[in-house]
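Below, each chain spelled out in residue letters.
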Amino acid sequence: MATIGMHFGHDAGAALTDADGYRIIEAERRLRLRHVCGGNEGFRQAAGGWLAELRERAASPVTRVAVADWYTPVCRVLPPALVELVNEDARWTATGGAGLADAVTRVLKPVDWPLAEGLGDITLVAVRHHYAHAALAYYTSGARKALVLALDGTGNYAECGMVCLGDGDQLTPVMSFTNRGGPRFGLVYEALARRVHGSQFDTGKLLGLAATGDSDPSLLPVLRAMLVPQSTRRASPDLYEQLDEDRLTGSALRYAGTWWEYDPVSGGYLDVGLADSSDDDVVHSFGSVFPDEIRTPDGRTTPVGTSPDERVCRDLAATLQSAVERDLTRLATGISRRFPSYSTLCYAGGCALNITANSCLAESGQFTRVSVPTCCDDSGIALGAALAAAEPADRPAPAGRSGWARLAYAGPRLEGVDDPPAGAARQPGGGLATRLSALGRTAREAADDDELVRTVADLLAGRRCVAWLDGGMETGPRALGHRSLLVSAHWNGARRHVSQTIKGREWFRPVAPICPQEVADRYFTGPLDHTESMLFAVRVRPQEAHRLAEARHIDGTARLQTVRRDTHPLLHRLCHAVGDLTGLPVLINTSANAGGRPILNHLDQALELLAETELDAVVLPGRRLIVE
């Protein structure tokens, strides 16, 4: 049987799991609106069609539909029973405690739910937000035994994370975290991102900006107390490091015209004032507003800026990143010591997009493996809900570490390309070449894969940029060689050309190198056994810093993707072919989209990018076509 999952919050979508694999529909890529939620009118109109599409693609009948419990109240296609559960059932909304295991899935009645009308006889299941994150991380990892950690800004009830134990087909919740006591890694990061870049969804930009600043030792204790107050650190000394009171006493945060002094009892700043506030107020206070000014115990005040061009903002980003890395590593290590028989860590939630913090976990020595799914943020919540509610037989069999690609490319194939019917004779060039010619585009068809690779390698070695569009679309925010803009890393100015000239991105945003796995250690150091999905940071070897100046970030790190011959045969060959021409088998990769738009998934969008930017060619490896 098959299970469909739905998520109605930001990064909304729908997904399918059955024994054959996964299918994921990310609403933002269908509606062309970043971080779209279920309250969008386009979502309401399209959701029924998405469910029908997934049901048609299922290898067996759909018998269950799972809905994540975090939603936007303006959504007009919510199951009424879900709204009642979240707003009225105190047992469901409790955080932590002995009853947590009974408050992560709940069967609901699908009555008066318009979307249920076309699904037939189904079982409707509500899934707690962070349990959906955890289920995604565990059931797609290939592990049969793992410690599972989910951390983000917030779900419902001020909850910001969960710890589960994965054993075979069972996933058992054992701990829950809330923003009342911390850790507030996601919320504080969102608040500073909103302050500097204008949106809570700009945390990725803030991570890139952090590399351009210096961590301030005097501000570090203050930010760490914002992340996890001393009261929480005292209560769980095995999970959190206690801070030096002498470095906090006398410090304060100014919000508008009010100074909030450090409170030694709570060990924080806003914590006393929010003790009797609603969960929404707690989340808003920590996640929406960053202090206007910070006073340290020595009396020095630091006004907080509002622009990435201000040095204070860059240094604050660097300091916050240091605080997150230190406290996250301590937390994960402490949890692992509480459950010592689990050597694999499966990690998800928006915080898992922090690649330098991920590398701290991988290099901590506490875990033999750290597994992060490509859609670890809320774009994977729909599939996580489906996996949490599904019977074991409705989930694909674990495929070990090599099975990551099954999830990574579970999105739809490129639209706008008319493939010939199965079994039909393929005509040279096909109708697509004729159509492109009518649009005034030259479409070269390679005779075989060797010619395709040689031709594209010549373009890249000649300082050209190509859009490489192959196979199923990536899930999550990273382009991993299926919807990518590629440029060779060998020439001076390559990063600026692809990132700023073509995509219009900010100067401090990093690009990502692609390198064949078997030669990666010649150029990079770090957790190279974790780099296939671009969710861990590595370091460029000092002797290669000059040659890789265009592919590395300002701090010498790189968001590397290693490719293997068996998982990316053409891309792997392309790297080596470019290396034969330039002496450097490293490409720069960034997502195929213009600035501020979702990753493209239609040929017309690619042609638009080709016409309106300095992009030089669109390559369709599956059709051996090069469009210029």
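Everything below is about the structure printed above this text.
We now turn to the structure provided with this report. Quick caveat, the model's predicted, so the values are computed rather than measured.

### A word on the overall build of the chain
Part 1 of the reasoning: A count of helical and extended segments in the chain gives 20 helices and 26 strands.
Part 2 of the reasoning: Relative to the compact-globule value of 25 Å for 628 residues, the chain shows a C-alpha radius of gyration of 24 Å, a close match.
Part 3 of the reasoning: In terms of its C-alpha atoms, the chain occupies a principal-axis envelope of roughly 75 × 60 × 45 Å.
Part 4 of the reasoning: In the chain, which comprises 628 residues, the share counted as buried stands at 61%.
Part 5 of the reasoning: Of the charged side chains in the chain, 65 are positive and 76 negative; the average position of the first set lies 4 Å away from that of the second.

### Some words on the pairing of strand 10 (residues 252-255)
Each regular strand carries side chains that alternate between the two faces of the sheet.
Part 1 of the reasoning: With four bridges joining them, strand 10 and strand 11 (residues 258-261) adopt antiparallel strand pairing. The partner of Arg254 across the bridge, within strand 11, is Trp259.
Part 2 of the reasoning: The loop that links strand 10 with its antiparallel partner strand 11 comprises two residues; one of these, Ala256, has a positive phi angle of about 55°.

### Here's the deal with the pattern of salt bridges
Part 1 of the reasoning: All chains considered together, the criterion is met by 36 salt bridges.
Part 2 of the reasoning: With a closest N to O distance of 2.8 Å, Glu391 and Arg64 form a salt bridge. Taken together, the residues Glu391 in the loop between helix 13 (381-389) and helix 14 (404-408) and Arg64 in strand 4 (residues 62-68) connect sequence positions 327 residues apart.
Part 3 of the reasoning: Note that Arg233 and Asp327 form a salt bridge whose closest N and O atoms lie 2.9 Å from each other. Here Arg233 is found in helix 9 (residues 230-235), whereas its partner Asp327 is found in helix 11 (residues 311-338), with 94 residues between them in sequence.

### What to know about the nonpolar core
For soluble globular proteins, nonpolar side chains are generally found buried alongside one another.
Part 1 of the reasoning: The biggest cluster of nonpolar side chains holds 108 residues, and the ones touching the most others in it are Phe177, Phe290 and Tyr347.
Part 2 of the reasoning: Per-element accounting of this core gives the leading share, 10 residues, to helix 11.

### Digging into unusual backbone geometry
Part 1 of the reasoning: Of note, the bond from Gly182 into Pro183 is cis; its omega dihedral lies within 30 degrees of zero at 10°.
Part 2 of the reasoning: Residues other than glycine seldom take positive phi values, yet Asp112 does so here, at roughly 60°.
Part 3 of the reasoning: Mapped onto the elements of the fold, Asp112 is located in the loop between strand 5 (105-108) and strand 6 (123-127).
Part 4 of the reasoning: Unusually for a residue other than glycine, Tyr157 sits at a positive phi of about 60°.
Part 5 of the reasoning: Structurally, Tyr157 can be placed in the loop between strand 7 (145-151) and strand 8 (159-167).

### Digging into helix 7 (residues 203-210)
Part 1 of the reasoning: In terms of residue burial, helix 7 counts as a mostly covered element, since six of its eight residues are buried.
Part 2 of the reasoning: Along helix 7, the positions that sit buried rather than exposed are Lys205, Leu206, Leu207, Gly208, Leu209 and Ala210.
Part 3 of the reasoning: Its buried side turned inward, helix 7 meets helix 6 (185-197), helix 11 and helix 12 (355-362).

### Notes on the sheet that holds strand 20 (residues 524-525)
Part 1 of the reasoning: Spatial strand order, 20-21-22: three strands in an open sheet with antiparallel pairing. The sheet is open, and its two edges are formed by strand 20 and strand 22 (557-558), each paired on a single side.
Part 2 of the reasoning: As paired strands, strand 20 and strand 21 (residues 538-540) are joined by two bridges and run antiparallel to one another. What sits directly across from Thr525, in strand 21, is Arg539.

### Looking at empty space enclosed by the protein
Part 1 of the reasoning: For the structure on display, the rule yields four cavities of 30 Å³ or more.
Part 2 of the reasoning: For the largest cavity, the calculated volume is near 60 Å³.
Part 3 of the reasoning: Forming the boundary of the largest cavity are Tyr22, Tyr139, Thr140, Ser141, Gly142, Ala397, Pro398, Ala399, Gly400, Gly403 and Arg406.
Part 4 of the reasoning: Classifying every residue of the lining of the largest cavity gives five nonpolar, five polar and one charged.

### As for the environment of Ala2
Part 1 of the reasoning: Checked against the element boundaries, Ala2 lands in strand 1 (residues 2-7).
Part 2 of the reasoning: Residues Ala2 and Ala447 lie 445 residues apart in sequence; the distance between their C-alpha atoms is 41 Å.

### Topic: the side chain of Ser285
Part 1 of the reasoning: Residue placement: Ser285 occurs in helix 10 (residues 279-287).
Part 2 of the reasoning: Apart from the residues lying within four places of it in its own chain, the contact partners of Ser285 are Leu270 and Leu274.

### Describing the sheet that holds strand 6
Adjacent strands of a sheet pair through backbone hydrogen bonds, lying either parallel or antiparallel.
Part 1 of the reasoning: With respect to topology, six strands assemble into an open sheet ordered 3-2-1-4-6-5, the strand pairing being mixed. The open sheet has two edge strands, strand 3 (21-26) and strand 5, and neither has a second partner. Averaged over all adjacent pairs, the angle separating strand axes in this sheet is 20°, with direction ignored.
Part 2 of the reasoning: Packing of helix 3 (residues 80-88) onto the sheet brings it into contact with strand 4, strand 5 and strand 6, and relative to strand 5 it is tilted by some 135°.

### Thoughts on the packing of helix 7 against helix 11
Part 1 of the reasoning: Interaxial distance between helix 7 and helix 11 falls to 8 Å at its minimum, and their mutual angle equals 100°. What the angle tells us is that helix 7 and helix 11 run roughly perpendicular. Mapping the contact onto sequence places Leu206, Leu207, Leu209 and Ala210 in helix 7 and Cys313, Arg314, Ala317, Ala318, Leu320 and Gln321 in helix 11.
Part 2 of the reasoning: Looking at side-chain class alone, the contact of helix 7 with helix 11 contains eight nonpolar, one polar and one charged residues.

### Some details on the packing of aromatic side chains
Part 1 of the reasoning: For the coordinates displayed, the defined rule picks out seven aromatic pairs.
Part 2 of the reasoning: Each ring, one from Phe43 and one from Trp50, has its centre 5.4 Å from the other, and the planes form 80°; the classification is edge-to-face. An identical accessibility class is assigned to Phe43 and Trp50; each is buried.
Part 3 of the reasoning: Geometrically, the ring pair formed by Trp507 and Phe508 is edge-to-face, given 5.5 Å between the ring centres and 85° between the ring planes.
Part 4 of the reasoning: Within the aromatic cluster, the residues linked to one another by ring pairs are Phe8, Phe43 and Trp50.
Part 5 of the reasoning: Here the guanidinium or amino end of Arg184 rests over the ring plane of Phe286, the centre of that ring lying 3.8 Å away.
Part 6 of the reasoning: A cation over an aromatic ring shows up here: Arg295 above the ring of Trp259, its NZ or CZ 5.2 Å from the ring centre.

### Examining the packing of helix 6 against helix 7
Part 1 of the reasoning: Running from N to C, helix 6 and helix 7 cross one another at 80°; their axes reach a closest spacing of 9 Å. Classified by the interaxial angle, the pair formed by helix 6 and helix 7 is roughly perpendicular. For the pair formed by helix 6 and helix 7, the contact residues are Tyr189, Glu190, Leu192, Ala193, Val196 and His197 on the first element and Thr203, Lys205, Leu206, Leu207 and Leu209 on the second.
Part 2 of the reasoning: Among the residues making up the contact of helix 6 with helix 7, the classes are represented as seven nonpolar, two polar and two charged.

Definitions and cut-offs
- Residues numbered from 1 in each chain as written.
- Predicted model: local features only at pLDDT ≥ 70, side-chain atom pairs only at ≥ 80, totals over all residues.
- Heavy atoms only, no water.
- Helix = DSSP H or I, 4+ residues; strand = E, 2+ residues; numbered from the N terminus.
- Rg over C-alpha atoms; globule rule 2.2 N^0.38 Å.
- Buried < 20%, exposed > 50% of the residue type's maximum accessible area, 1.4 Å probe, protein only.
- Lys, Arg positive; Asp, Glu negative; His and termini not counted.
- Charge placed at Lys NZ, Arg CZ, Asp CG, Glu CD.
- Pairing = 2+ DSSP bridges.
- Salt bridge = Lys/Arg side-chain N within 4 Å of Asp/Glu carboxyl O.
- Core = buried A, V, L, I, M, F, W, Y, C linked by side-chain atoms within 4.5 Å.
- Contact = heavy atoms within 4.5 Å.
- 1 Å grid on protein atoms, 1.4 Å probe; cavity = no way out; pocket = protein on both sides within 12 Å on 5 of 7 lines; lining within 4 Å.
- Points joined across faces, edges and corners; volume = space filled by probe spheres on them.
- Nonpolar A, V, L, I, M, F, W, Y, C, P; charged D, E, K, R; others polar.
- Axes fitted to C-alpha atoms, helices over the stretch in contact; angles between N-to-C directions.
- Parallel < 35°, antiparallel > 145°, perpendicular 65-115°, else oblique.
- Phe/Tyr/Trp six-rings, centres within 6.5 Å; stacked < 30°, edge-to-face > 60°.
- Lys NZ or Arg CZ within 6 Å of the ring centre and 35° of its normal.

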